[in-house]
Amino acid sequence: SNIFFRPIEKINAVLESYPKGIAGFKRYLEIMDTEPEIADRPDAVSLSNVKGDIRFEGVSFGYERNRNILNNISLSIRAGETIAFVGPSGAGKTTICSLLPRFYEVEEGSITVDGLDIRDYQLQNLRKHIGIVQQDVFLFSGTIRENIAYGDLAATDKQIWEAARRASLDDLIQSLPEGMDTVIGERGVKLSGGQKQRLSIARMFLKNPPILILDEATSALDTETEAQIQKSLAELSVGRTTLVIAHRLTTIQNADRIIVVTKDGIAEQGTHQELMVSGGAYSRLHQLT
Ligand code: ATP
C-alpha cells in the first residue's frame, strides 16, 4: 500500500531511458513533477493560490478492467480539514489518495480541487499543491541541505533551517561536524528511520503545500520517536487539508473526520466520538485492537 511504489513500477519503462546511477531523487521528481504518460489538456491552468477544498463525485476506479476497487465514491473535504481513512487492508484507502495527484486516472466521476477538476490543472501545478509524507522516505545521495530543499533551487538557507527546526531536526544537524552539508545516503551518514521521517517532514514544511497526504507508518518506531513524529506531523497539518491513510487507530482520534472505507465503499464517517457512539464498523474495529 505504498502510495509511491506502484507509480514507480508504472513508470519504470520511462526511467530505463535515463543513464544508470541516477539517484532516487530523479525518480521522485519524475513522479511528482512530470508524468510523461499524462498530457495536460491544451487549456489546463496553473493556479498559485489553492485553498485545498477537495471533492470526489461519483468516483469509480479499478486497476484492472471489470474489477472496480472504488465504486461511486462521493466525498467532500473542506480546506484545512484533517480526514483519516481507516478500514480493512485492501479496502482502497491508498487508492483513493493516489487518485488525487493523478497517479492513476479516474474512470468515472470526478475529483475537484477548489472546484476545478484535477484534469483541468497542469499536472505539475496540481502536484505542487500536494505533499506526500510516507514511511519509506525518499532520500537521495547528497547533503542534508539538498535533501530538505529537494530540488527547490530558490530555497534560502534560512528557509531550510526553519524547516529543519519545525521538524525537530535542527539539533541533529547541528551536532554533525559538517552540519547541513553532511552527505547522507549510501556513501554518507546513515539516518535512522525516525530521522528520515523527520527529514521528509522538513521537506514538506519547505514545500508548504495546501494539501497533505500522510501515508502512515506501519513499521514500529520506538515510542518516543513516534511521539515526536506525531507532534511534527500535527504541526505540519495545521492549516492544510490533510488526508491520513491510517493503518492504526490510535493516531487518528483527533482527526476532524474519520472515514471508514470497506470493500463496499464508505461505510460511515464522523468524529471518533460520533463513530464510537453509533456502534458501527469503526467501533467494531476498535474492539478488535
Ligand atoms: P492497506 O491498509 O493494506 O494499505 P488499502 O485500503 O490502502 O490497504 P489499497 O492499497 O488501496 O488498499 O488496495 C485496494 C485494492 O487494490 C487491493 O485489492 C489491492 O490488491 C489492489 N491494488 C492496489 N494497487 C494495485 C495495482 N497497482 N494493481 C492492481 N491492483 C492493485
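Residues numbered from 1 in each chain as written. Predicted model: local features only at pLDDT ≥ 70, side-chain atom pairs only at ≥ 80, totals over all residues.

A few points about the overall build of the protein
Okay, so step 1: For the protein, the helix and strand inventory stands at 12 helices and 12 strands.
Okay, so step 2: In the protein, of all internal contacts separated by at least 6 residues, the share reaching a separation of at least 24 is 71%. (Helix = DSSP H or I, 4+ residues; strand = E, 2+ residues; numbered from the N terminus. Contact = placed C-beta atoms within 7 Å.)

Details of the sheet that holds strand 6 (residues 130-134)
Okay, so step 1: If you trace the six strands from one edge of the open sheet to the other, you get 6-9-10-3-11-12, paired in mixed fashion. What marks the edges here is a single partner per strand, and that holds for strand 6 and strand 12 (265-270). Neighbour-to-neighbour, the strand axes of the sheet open up by a mean angle of 20°, direction not taken into account.
Okay, so step 2: In the sheet, strand 3 (residues 82-86) pairs with strand 11 (residues 257-262) via four bridges, with the strands oriented parallel. (Pairing = 2+ DSSP bridges. Axes fitted to C-alpha atoms, helices over the stretch in contact; angles between N-to-C directions.)

So, helix 7 (residues 157-166)
Each turn of an α-helix holds 3.6 residues, which means side chains three or four residues apart point in the same direction.
Okay, so step 1: Those residues of helix 7 not exposed but buried are I160, A163 and A164. In an axial view of helix 7, the angular spread of the buried residues amounts to 100°, which keeps them on one side of the axis.
Okay, so step 2: Along its buried surface, helix 7 packs onto helix 6 (144-149), helix 8 (170-175) and helix 9 (193-207).
Okay, so step 3: Just beyond helix 7, the residue with positive phi is S168, at close to 55°. (Buried ≥ 20, exposed ≤ 12 C-beta atoms within 10 Å, placed from the backbone. Arc of directions from axis to C-beta.)

Points about the environment of Q174
Okay, so step 1: Assignment of secondary structure puts Q174 in helix 8.
Okay, so step 2: As a C-alpha pair, Q174 and N49 span 125 residues in sequence and 35 Å in three-dimensional space.

Some details on the nonpolar core
Okay, so step 1: Counting 66 residues, the largest nonpolar core has A84, F85, I148, A202, V244 and I258 as its most contacted members.
Okay, so step 2: With six residues, helix 9 is the largest single contributor of residues to this core.
Okay, so step 3: Setting aside residues no more than four positions away along its own chain, A202 makes contact with I148, A163, A164, A167 and L169. (Core = buried A, V, L, I, M, F, W, Y, C linked by C-beta atoms within 7 Å.)

Structural notes on the confidence of the model for the protein
Okay, so step 1: With 86% of its residues at a pLDDT of 70 or more, the protein has an overall mean of 85.
Okay, so step 2: Counted against residues more than four places away or in other chains, residues 5-30, with its pLDDT under 50, gives 17 contacts.
Okay, so step 3: Of the two predicted TM-score estimates for the complex, the pTM is 0.86 and the ipTM is 0.97. (pLDDT = per-residue confidence, 0-100.)

Quick notes on the sheet that holds strand 5 (residues 116-117)
Okay, so step 1: A sheet is described by the order of its strands in space; here four strands give the open sequence 2-1-4-5, paired in antiparallel fashion. Looking at which strands have only one partner, the edges of the open sheet turn out to be strand 2 (70-77) and strand 5.

Structural notes on unusual backbone geometry
Okay, so step 1: Unlike most non-glycine residues, N66 shows phi in positive territory, near 60°.
Okay, so step 2: By C-beta crowding, N66 is classed as exposed, having 5 other C-beta atoms within 10 Å.

Some details on the packing of helix 9 against helix 10 (residues 223-237)
Okay, so step 1: Interaxial distance between helix 9 and helix 10 falls to 10 Å at its minimum, and their mutual angle equals 10°. It follows from the interaxial angle that helix 9 and helix 10 lie roughly parallel. Residue-level contacts link G194, Q197, R198, I201, M204 and F205 of helix 9 to T225, I229, S232, L233 and L236 of helix 10. (Parallel < 35°, antiparallel > 145°, perpendicular 65-115°, else oblique.)

Details of the packing of helix 7 against helix 9
Okay, so step 1: Between helix 7 and helix 9, whose axes approach to 8 Å, the crossing angle comes to 130°. One finds that helix 7 runs oblique with respect to helix 9. Crossing angle aside, the handedness with which helix 7 passes helix 9 is right-handed. Together, Q159, I160, A163, A164 and R166 of helix 7 and A202, F205 and L206 of helix 9 make up the contact between the two elements.
Okay, so step 2: In terms of residue class, the contact of helix 7 with helix 9 is made up of six nonpolar, one polar and one charged. (Left-handed = near helix turned anticlockwise from the far one by under 90°. Nonpolar A, V, L, I, M, F, W, Y, C, P; charged D, E, K, R; others polar.)

Considering the pairing of strand 4 (residues 108-113)
Okay, so step 1: Bridge count for strand 1 (residues 54-61) against strand 4 is five bridges, and the pairing is antiparallel. Counted as the bridge partner of R55 is T112 from strand 4.
Okay, so step 2: Note: strand 4 against strand 5, two bridges, orientation antiparallel. Across the sheet, residue V113 finds its bridge partner in strand 5, namely L116.
Okay, so step 3: Linking strand 4 back to strand 5 in an antiparallel pair, the connection comprises two residues, with D114 at a positive phi of about 50°.

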